[in-house]
Amino acid sequence: MRLLTALTLSLLFLHATAQKRSAFVSGRVVDENERPLANVSVIVLGKRSGVATNDSGYFKITVAADKAIAIVFSYTGYTETQFNFFLSENEEDKKIVRLEKNAQSLDTVTVAAADNQQRDVGITKLNAVSATTLPTTTGGVEGLIKILVGSNNELTNQYSVRGGNYDENLIYINDFEIFRPYLVRSGQQEGLSFINPELTKNISFYNGGFQAKYGDKMSSVLDIQYKDPKQFAGSIDIGLLEQGFHIEGASKKHRLTYLLGARNRSTKDLLSSQETQGIYVPSSSDIQAYITYQLAEKWRLELLGTLSSTKFLFIPQSVAKTSSVISPFFTSNIGLDILFDGQEKDGYQTNFIGLTAINEPSTKLKLKFLLSHYQDIETENFDIAGTYLFGERDFDKGSSTYGQIVNPLGAGYYQNYGRNALNIGVWNITHKGSYETGIHLIQWGVTMEQTNIKDKLYEFEFQDSAGYSIPQNGNNLSSFINSTADLSIQKYSGFLQDNINLTHAKQNVILQVGARYNYNSLNHEFLVSPRAQLSLKTKKNIIYKLAAGIYDQPPFYRELRRPDGTVNPDVKAQKSYQLVAGMEYDFNYGDRPFRLTTEAYYKRLWDVNPYDIDNLRIQYFGENDAKAYAVGAEARLYGELVKDAESWISLGIGSTKEKIDNDFYYRYENAAGQFITSQSSDKVVADSAKETISWIRRPTDRLITLGMYLQDYLSTNKNIRVHLNMIYGSNMPYSIPNVPQFRDALTIDPYIRVDIGFSALLLGEESKRRSHSPFKPFKTIWASLEIFNLLDRANTISYQLIKDFANNTYAIPNRLTPRLLNLKLIARF
């Protein structure tokens, strides 16, 4: 008993002694202007309680000695900062902690910060910082958007929204509309996105039901605002796929500010991992500048400029493709081997400059005058021939013919040739204004635009299958286009919108009513598009939203081209009316904020210009001969699965279909009652019937889209993080071109993509560095390891059509990229 008592007392003494092994961290917390910050949370990472700074910004916290610990400083509206310590017993470390302003809370990151914006229908506010940490092959702002709306191609920055195509999305940077290249056929040709995430401050994305102040397209709006720097800063980004740097700063009195960014991107390693082997030489670079100058108290000038150049050289050598099932009449492991000759060489050069003058005569009146010029020069040159053999491939690893085609079904030769050039110039002059009076905020705008398009298409395709050519139009070419266009188009548009604040004691109500007009000299069509949005916020943190309006989309360039290359200048605007209803609910789970948003939508379209999509190439019919609809619902949950690390999940269910006027084909039968695809000399037709085609799936139809973006960090160290994004999209239709009975004949399998990134802070704690350290100028240095296509899934983007010895057509899938590693280093100063 005495022994037990002695042992117990000894343990208690040792425990008490261990508890006394303490150290201390003290100091002051200040902002960027050296002003003290009160009530800043100071907490040891992993603990639930800590201390707060007093009115002078002073703090003192007791920590464990002889142990590595981390202290986190957090304050609403400021960037959270972490410092690591290893202190001896009774040691005290005194620090000056400087916090920088940065909207990191849920309210200002994932959704709109301003109260009126927060209630806009369809709006999602995204954190610009996430665009630089997101592990995707394209990166950037569009990578975030694709998680929200879905995607089927990791090689492109383009996205489709609620059944629309890539051409139906508006993009603005500081109120200037941004365009993209038009001759791009596939994602591997595409270069950098116009949007530089390092220069970006605010990202507002509207996926439907947007206001009259935005332009004349039918699907979505991406509204980007670049930074307004307060002091000198910059970043350097070095990765295997992309490199870049940026600097920013302001004069002493903030009269002059500047942003300058330069980037270079090469996807050689990514493209070289694809099925088609060969020499890939892609390169894309740009330089952007955004400068502001305060002329006087009420006048401000802003200048935005960019130079961008993308080149793509491809010398294919060979490809070996395999498909388990490629025909309803044949099931086997079918292989296709192709040996190539020739090359492809493309170039895309984009220049943009925009000048804005802002006048604020009073606090209630704001006037903006914008002048811009956009120049797009594109060339596309390819001459590629292929000799192919396809049939059953041997997958018996013990066989001497493993991997070879052992039972040929077809062989042939084809050649694709093109010499295309496009030159687009757009001059734009715009005036916008706003005036606030009482409960009204009145906004208006008028625009005059001059568009010049010079275009030359010369391309053909030759097919020689099983020893004979497949001619068209009396020649030996299966397709031939030789067309030029020289268009000069004047466009006039404008809007008037009233934002009415009907808030009273019990509810906050915002009503936005407006209309747009549009006229262009090409088809002489005058359009008026009324739109209205209503939002109602209750005291239970629930916002109900409703929007309705007309959304028209006049043709720009691609819509005018028929499949045979001829231009139809009489193409009218595609038109739609849209209804959107939804709700938004803010709540807390534990001590973390969450937001749930839901929306249901319905679009009815007429004067539709039908199209087919092959990879990224949109081929319009060049006629307003269809009607369509899109209907669906979406739900998104934003929040922090772990404290201070935002994540979200997005789920969409929808359907979009179209009906083309007078769309039919003839069904032929022989004497035995067997179906014959066409009438020809070697097939005797005994009977025929006219088959009318009704509603069919549109090329962008997808029942389910699911996206997730998750962030986490080590429980003992916030400076080691993981970022994961996942995209799932159910199957999509694929049409055989120029064959009405085979529209939607094929199906592209579901798209499943998971990318993950691991990042670690290599350098922080600027105050601890020695004065002569080469890293003294840097605030932070982060290193990232990214794994693209974690599941190594072979997603399909399109099909290659070939014929066998019996002249039957087979479809072999074209696959996207496999698993790939990427390293990235980001240094900020």
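Residues numbered from 1 in each chain as written. Predicted model: local features only at pLDDT ≥ 70, side-chain atom pairs only at ≥ 80, totals over all residues. Heavy atoms only, no water.

Peer 1: Sorry, what's going on with the overall build of the protein here?
Peer 2: A count of helices and strands for the protein gives 6 helices and 45 strands. Residues counted as buried form 51% of the 829 residues belonging to the protein. Residue pairs at least 24 apart in sequence account for 67% of intrachain contacts in the protein once pairs closer than 6 positions are excluded. For the protein, the accessible area works out to roughly 37,600 Å², and carbon and sulfur atoms hold 56% of it. (Helix = DSSP H or I, 4+ residues; strand = E, 2+ residues; numbered from the N terminus. Buried < 20%, exposed > 50% of the residue type's maximum accessible area, 1.4 Å probe, protein only. Contact = heavy atoms within 4.5 Å. Areas by Shrake-Rupley, 256 points an atom, 1.4 Å probe, with all protein chains shown as cover.)

Peer 1: Explain the pairing of strand β8 (residues 123-126) here, please?
Peer 2: One face of the sheet, then the other: side chains in a regular strand alternate in exactly this way. Of the two faces of β8, the one carrying Ile123 and Lys125 and the one carrying Thr124 and Leu126 are both buried. Two strands pair when backbone bridges link them, and β8 and strand β11 (residues 200-206) are joined in this way by 4 bridges, in the antiparallel orientation. In the strand pairing of β11, Leu126 is matched with Ile203. (Pairing = 2+ DSSP bridges.)

Peer 1: Sorry if this is basic, but what is going on with the sheet that holds strand β7 (residues 92-98) here?
Peer 2: Note on sheets: strands pair through backbone hydrogen bonds, and any given pair is parallel or antiparallel. Strand order across the open sheet formed by 3 strands is β4-β1-β7, with mixed pairing between neighbours. Bordering the open sheet on either side are β4 (58-64) and β7, each of which pairs with just one other strand. Recorded for the sheet is a direction-independent mean angle of 25° between the axes of neighbouring strands. Note: strand β1 (residues 22-30) against β4, 7 bridges, orientation antiparallel. The residue of β4 that forms the bridge with Ala23 is Val63. (Axes fitted to C-alpha atoms, helices over the stretch in contact; angles between N-to-C directions.)

Peer 1: Would you take a moment to explain the pattern of salt bridges for this structure?
Peer 2: A side chain with one charge may pair with a side chain of the opposite charge, provided their charged atoms come close. Enumeration over the complete set of coordinates arrives at 35 salt bridges. The salt bridge partner of Asp167 is Arg180, with a shortest N-O separation of 3.4 Å. One end of the pair, Asp167, is in the loop between α5 (140-149) and β9 (169-173); the other, Arg180, is in the loop between β10 (176-177) and β11, with 13 residues separating them in the sequence. For the pair Asp167 and Arg180, one class covers both residues: buried. Asp175 is the partner of Lys432 in a salt bridge, and the nearest nitrogen-oxygen pair spans 3.9 Å. One end of the pair, Lys432, is in strand β20 (residues 405-437); the other, Asp175, is in the loop between β9 and β10, and 257 residues separate them in sequence. Residue Asp175 is classed as partly exposed on the basis of its relative accessible area, which comes to 22%. One continuous salt-bridge network, built from bridges that share partners, spans Arg162, Glu599, Glu634 and Arg636. (Salt bridge = Lys/Arg side-chain N within 4 Å of Asp/Glu carboxyl O.)

Peer 1: Would you explain the sheet that holds strand β3 (residues 50-52) in this entry?
Peer 2: Overall, antiparallel pairing links the 4 strands, which are arranged β3-β2-β5-β6 in an open sheet. Single-partner strands in this sheet number two, and they are β3 and β6 (81-86). The sheet shows a mean angle of 20° between the axes of neighbouring strands, taken without regard to direction. Relative to strand β5 (residues 68-74), strand β2 (residues 41-44) is paired through 4 bridges, and the arrangement is antiparallel. When the sheet's bridge partners are listed, Ser41 is paired in β5 with Ser74.

Peer 1: Please clarify how the packing of aromatic side chains should be interpreted in this entry.
Peer 2: For any pair of aromatic rings, the description rests on two quantities: the centre-to-centre distance and the angle between the ring planes. Going through the model one piece at a time under the given rule, you end up with 35 aromatic pairs. On the numbers, 6.5 Å between centres and 25° between planes, the contact of Tyr492 with Tyr519 is stacked. Of this pair, Tyr492 sits in strand β23 (residues 479-501) while Tyr519 sits in strand β24 (residues 508-520), and the two are 27 residues apart along the sequence. Assessed through its relative accessible area of 27%, Tyr519 is described here as partly exposed. In this structure an aromatic cluster arises from ring pairing among Phe179, Tyr182, Tyr374, Phe556 and Tyr557. Geometry around Phe83 places Lys95 over its ring, the cationic atom sitting 4.5 Å from the centre. (Phe/Tyr/Trp six-rings, centres within 6.5 Å; stacked < 30°, edge-to-face > 60°. Lys NZ or Arg CZ within 6 Å of the ring centre and 35° of its normal.)

Peer 1: Whenever I open this one, unusual backbone geometry confuses me. Can you help?
Peer 2: A negative phi holds for most residues other than glycine; trans holds for most peptide bonds. Although it is not a glycine, Asn174 adopts a positive phi angle of roughly 50°. Along the chain, Asn174 turns up in the loop between β9 and β10. Accessibility expressed as a relative area gives 4% for Asn174, which makes it buried. Although it is not a glycine, Asp792 adopts a positive phi angle of roughly 55°. Among the secondary structure elements, Asp792 is positioned in the loop between β42 (780-788) and β43 (796-803).

Peer 1: Looking at this structure, how should I read the environment of Arg162?
Peer 2: By the element assignment, Arg162 lies in the loop between α5 and β9. Judged by its relative accessible area of 7%, Arg162 is buried. In sequence terms Arg162 and Gly654 are 492 residues apart; their C-alpha atoms lie 7.2 Å from each other. Excluding residues that lie within four positions of it along the chain, Arg162 makes contacts with Asn207, Gly208, Val580, Glu599, Tyr601, Lys603, Ala630 and Glu634.

Peer 1: Looking at this model, I keep getting lost on the environment of Thr700. Mind explaining?
Peer 2: In this fold, Thr700 is placed in the loop between β36 (696-697) and β37 (704-714). The spatial distance from the C-alpha of Thr700 to the C-alpha of Lys657 is 9.2 Å, given a sequence separation of 43 residues. Among residues more than four places away in sequence, those in contact with Thr700 are Ser160, Gly163, Gly164, Asn165, Tyr611, Ile613, Thr656 and Met732.

Peer 1: Teacher, can you tell me more about the side chain of Thr597 here?
Peer 2: With respect to the secondary-structure elements, Thr597 resides in strand β28 (residues 592-608). Residue class for Thr597 comes out buried when judged on its relative accessible area of 15%. Setting aside residues no more than four positions away along its own chain, Thr597 makes contact with Met583, Glu584, Glu634, Ala635, Arg636 and Tyr638.

Peer 1: I tried to follow the environment of Asn523 on my own but got confused; where do I start?
Peer 2: Along the chain, Asn523 turns up in the loop between β24 and β25 (525-537). Residue class for Asn523 comes out buried when judged on its relative accessible area of 5%. In the structure, Asn523 is positioned 48 residues away from Val571 in sequence and 6.8 Å away in space, judged by C-alpha atoms. Discounting residues that sit within four places of it in the chain, Asn523 has contacts with Pro555, Pro569, Val571, Lys572 and Ala573. Separated by 3.1 Å, the side chain of Asn523 and the backbone nitrogen of Glu525 make a polar contact. (Polar contact = N/O pair within 3.5 Å; in protein donor to acceptor, adjacent residues only side chain to side chain.)

Peer 1: Is there a simple way to explain the confidence of the model for the protein in this structure?
Peer 2: In low-pLDDT regions, the fine details of the predicted coordinates are not to be read closely. Chain-level pLDDT for the protein is 85 on average; 89% of the residues reach the 70-or-more range. A low-confidence stretch, residues 1-19 stays under pLDDT 50, and its non-local contacts, those more than four residues away or across chains, total 0 contacts. Scored below 50 in pLDDT, residues 103-118 shows 43 contacts in the model against residues more than four places distant or in partner chains. (pLDDT = per-residue confidence, 0-100.)

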